[in-house]
Amino acid sequence: MGIFKSLFGPKEAKMVQVAPFGARYEVPSGQTILEAALANHVPFPHNCTVGTCGSCKCKLKSGRVSALTDFGYTLSQQEIAAGFILACQAVPKDALTEVEVEGAATDAPPAEQFVATLADTESLTHDILKVTLKLDRPIQFMAGQYANLKYPNIRRARNYSFADAPVRDGRQTVHFFIRKVPNGAFTEDLFSGRLDGVPIDVDGPHGNFHLHPGDGPMVCIAGGSGLAPLLSVLEKARKDRVQRPCAFLFGARTEADLYALEQIDEIAMGWAAPFVFLPVLSHEPTGSAWKGARGWVTEFITDALPDTDWAKAEGYMCGPPGMIDAGIASMTEIGIKLESIYYDKFTDESHIAKMP
Ligand code: FES
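Owing to the predicted nature of the structure, the values given are computational and were not obtained by experimental measurement.

### Structural notes on the side chain of N159
Here is step 1: Locating N159 in the fold gives a position in strand β11 (residues 158-161).
Here is step 2: Separated by 3.0 Å, the side chains of N159 and N47 make a polar contact.
Here is step 3: Here N148 takes part through its side chain, which lies 3.4 Å from a polar atom of the side chain of N159.

Shown next, in the form of structure tokens:
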């Protein structure tokens, strides 16, 4: 009877405990840690839900999980070796699984739904627009977070990071930097003016990218349209008179791909500690007038902040997955602790539209 019961009786419930939210919930058979968290209203950071953006990264503290897709597609070797997993791809195997979202923004404002209209667009480069949306009421967000944008012509929401620092009473006018995606339904509509007057559903704020408390040096690396969340974070830190040395490296293909330089200049001028801005171009034609750095942006960290105690530094990165992976490798190699490196990966699935 005992054997019969253990073979055919009800399966043991799989519980998951999530720090620092103090949440404990049951994961039904076949569900991932993230799916069950969201069903239980746990504010687990997430974005793509398909294992490509890294937003749901958490540390496995106890228990075992099986991976729906290889974590190594998105997490670096260093992160996997340190015990990180992706909650959206992890199915618990044991009766109790404990995970921790390191540095979670537990005081982030809750997401709400807004309706917006396009108020203005401005060309920043040949393929990036600064987009101004006017919302039906002010939105509260944390510097570094993003919002989902949706309107009837597209099936899937597109997410973009706020390019502004938040203000105390919320912002009713918000800005995004949006890169044109060839054949992308959303950006085709946007760049051709077909979004003028169209009500846009805005859902946010979301995301766990934010400035962490500390007094060590900051190394910030942006690639392409990944500038927006870093500008938001740096502008907020400037206003708060944060006293931390900061190196801000901006990787672009050519000089024509650099943008928001005046905004960066203002942040640098008002920063309450040493601030170094270093643009690095990867595909600037040889023989051009560019006198600055050339190569891969992640290889210039020590040029930007020489003589630094890297063990006390924090890394902040926003940009394409390849740049983030190279940045994690460079930062850990010079001694920045893996747990002090924060990033927002801009992937095809999360930040770029490939389908209607
Ligand atoms: S939400 Fe899990 S990787 Fe994007």
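### A word on the domain arrangement of the protein
The figure often quoted for interface size is the accessible area lost as the parts come together.
Here is step 1: One can read the domain layout of the protein as domain 1 (2-100), domain 2 (112-206) and domain 3 (218-345).
Here is step 2: Once you take the C-alpha centre of each, domain 1 and domain 3 turn out to be 33 Å apart.
Here is step 3: Each partner contributes residues to the interface: domain 1 has 10 residues there, and domain 3 has eight residues.
Here is step 4: Carbon and sulfur atoms supply 50% of the area buried between domain 1 and domain 3, which totals about 690 Å² over both sides.
Here is step 5: It is C53, Q78 and E79 that lose the most area in domain 1 upon contact with domain 3, and together they represent 48% of the buried surface on that side.
Here is step 6: There are zero salt bridges connecting domain 1 and domain 3.
Here is step 7: There are three residue pairs in polar contact (both at pLDDT 80 or more) connecting domain 1 and domain 3.

### A few points about the pairing of β11
Here is step 1: In β11, alternate side chains face the same way, and those of R158 and Y160 on one face and N159 and S161 on the other are all buried.
Here is step 2: Relative to β11, strand β10 (residues 146-150) is paired through four bridges, and the arrangement is antiparallel. Counted as the bridge partner of L149 is R158 from β11.

### With respect to the sheet that holds strand β9 (residues 128-139)
Here is step 1: As summarised here, the arrangement of the six strands in space is β11-β10-β13-β8-β9-β12, forming an open sheet in which the pairing is antiparallel. Looking at the sheet topology across the chains shown, the edges are occupied by β11 and β12 (171-179). Direction aside, neighbouring strands of the sheet carry axes that sit 40° apart on average.
Here is step 2: In the sheet, β9 pairs with β12 via eight bridges, with the strands oriented antiparallel. Across the sheet, the residue bridging to L129 is I178, located in β12.

Rules and cut-offs
Residues numbered from 1 in each chain as written. Predicted model: local features only at pLDDT ≥ 70, side-chain atom pairs only at ≥ 80, totals over all residues. Heavy atoms only, no water. Helix = DSSP H or I, 4+ residues; strand = E, 2+ residues; numbered from the N terminus. Polar contact = N/O pair within 3.5 Å; in protein donor to acceptor, adjacent residues only side chain to side chain. Domains from an automatic or database assignment. Contact = heavy atoms within 4.5 Å. Buried area = accessible area lost by both parts, 1.4 Å probe. Salt bridge = Lys/Arg side-chain N within 4 Å of Asp/Glu carboxyl O. Buried < 20%, exposed > 50% of the residue type's maximum accessible area, 1.4 Å probe, protein only. Pairing = 2+ DSSP bridges. Axes fitted to C-alpha atoms, helices over the stretch in contact; angles between N-to-C directions.

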